[in-house]
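Listed below, chain by chain, are the residues.
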Amino acid sequence: MPAPPPRASLPPVIWVRTLGFLVLSLGLAGCQDRQARSDNARLTARISALEQQVNRLQQAQAETPAPTAPDGFMARAAAQNCANDLSRTLETYRRDSIDDSYPTPARLMLPDSCIDQRVQWLTLTAQAYAFALTDENGGVLVRGSGP
């Protein structure tokens, strides 16, 4: 019967290096855990402070009334938009016409922005126009004229 092969053993230097590597890695892992716990605690405190700040801001916003537009602001703005579009339509018609005149009331197509507006014609001739846009009480919101 042949003799068993000799057992290979690691030299003592390799054991020392392996043991040193193991101790070093455990030490570093411990430092990282402490650092991570410290970072997490700091971040948790910061998140709590921010959540409290957000809650205070939301409460303050709920208590403050929202700003509102002045009375009639939207009606005046819509009327001004209509007046601008109507003047542009009239001037475009005049510029494109053969005899350089404004349209008659029958030939005039009001712009879409004027659909819900009350247009009162003060003058609409071949050479001039003037109009007023009024509210439901007859108060003048905007005037327009040309040339």
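Here, the structure is the one placed above.
Computed from a predicted model, the values in this text were never measured in an experiment.

## Things to note about the overall build of the protein
Now for step 1: Across its full length, the protein carries 2 helices and 3 strands.
Now for step 2: For the protein, the succession of helices and strands along the chain, N to C, is α-α-β-β-β.
Now for step 3: Put simply, the protein has 147 residues, and 17% of those count as buried.
Now for step 4: Pairs at least 24 residues apart make up 39% of the contacts formed inside the protein by residues separated by at least 6 positions.
Now for step 5: Of the accessible surface of the protein, which amounts to about 11800 Å², a share of 59% is contributed by carbon and sulfur atoms.

## Quick notes on the pattern of salt bridges
Now for step 1: Scanning all chains against the criterion turns up 5 salt bridges.
Now for step 2: For the salt bridge of Glu 91 with Arg 94, the shortest nitrogen-to-oxygen distance reads 2.9 Å. With Glu 91 and Arg 94 both in helix α2 (residues 73-96), this residue pair falls 3 residues apart, about one helical turn.
Now for step 3: According to the relative accessible area criterion, Arg 94 is partly exposed, its value standing at 24%.
Now for step 4: One salt bridge in this structure joins Asp 96 and Arg 95, with 3.8 Å as the shortest N-O distance. The burial state of Asp 96 is the same as that of Arg 95; both residues are exposed.
Now for step 5: In this structure, a network of salt bridges that share partners links the residues Glu 91, Arg 94 and Asp 100.

## Focus: the state of the cysteines
Put plainly, a disulfide is one covalent bond tying together the sulfur atoms of two cysteines.
Now for step 1: A complete count under the given rule lists 1 disulfide for this structure.
Now for step 2: Disulfide pairing places Cys 82 opposite Cys 114 at an S-S distance of 1.9 Å. The sign of the S-S torsion, about 110°, decides the handedness of the disulfide formed by Cys 82 and Cys 114: right-handed. Taken as a pair, Cys 82 in helix α2 and Cys 114 in the loop between α2 and β1 (118-124) lie far apart in primary sequence, 32 residues in all. For the pair formed by Cys 82 and Cys 114, the shared burial category is buried.

## Comments concerning the sheet that holds β1
Now for step 1: Across the sheet, 3 strands lie side by side as β1-β2-β3; this open sheet has antiparallel pairing. The strands lining the two open edges of the sheet, one partner per strand, are β1 and β3 (140-146). Averaged over all pairs of adjacent strands, the angle between strand axes in this sheet comes to 15°, irrespective of strand direction.
Now for step 2: Both β1 and strand β2 (residues 129-134) contribute to a ladder of 6 bridges, which runs antiparallel. Residue pairing across strands places Thr 123 opposite Ala 130, the latter belonging to β2.
Now for step 3: Across the sheet, α2 touches β1, β2 and β3, and the angle it forms with β2 is around 160°.

Parameters at a glance
- Residues numbered from 1 in each chain as written.
- Predicted model: local features only at pLDDT ≥ 70, side-chain atom pairs only at ≥ 80, totals over all residues.
- Heavy atoms only, no water.
- Helix = DSSP H or I, 4+ residues; strand = E, 2+ residues; numbered from the N terminus.
- Buried < 20%, exposed > 50% of the residue type's maximum accessible area, 1.4 Å probe, protein only.
- Contact = heavy atoms within 4.5 Å.
- Areas by Shrake-Rupley, 256 points an atom, 1.4 Å probe, with all protein chains shown as cover.
- Salt bridge = Lys/Arg side-chain N within 4 Å of Asp/Glu carboxyl O.
- Disulfide = S-S within 2.5 Å.
- Pairing = 2+ DSSP bridges.
- Axes fitted to C-alpha atoms, helices over the stretch in contact; angles between N-to-C directions.

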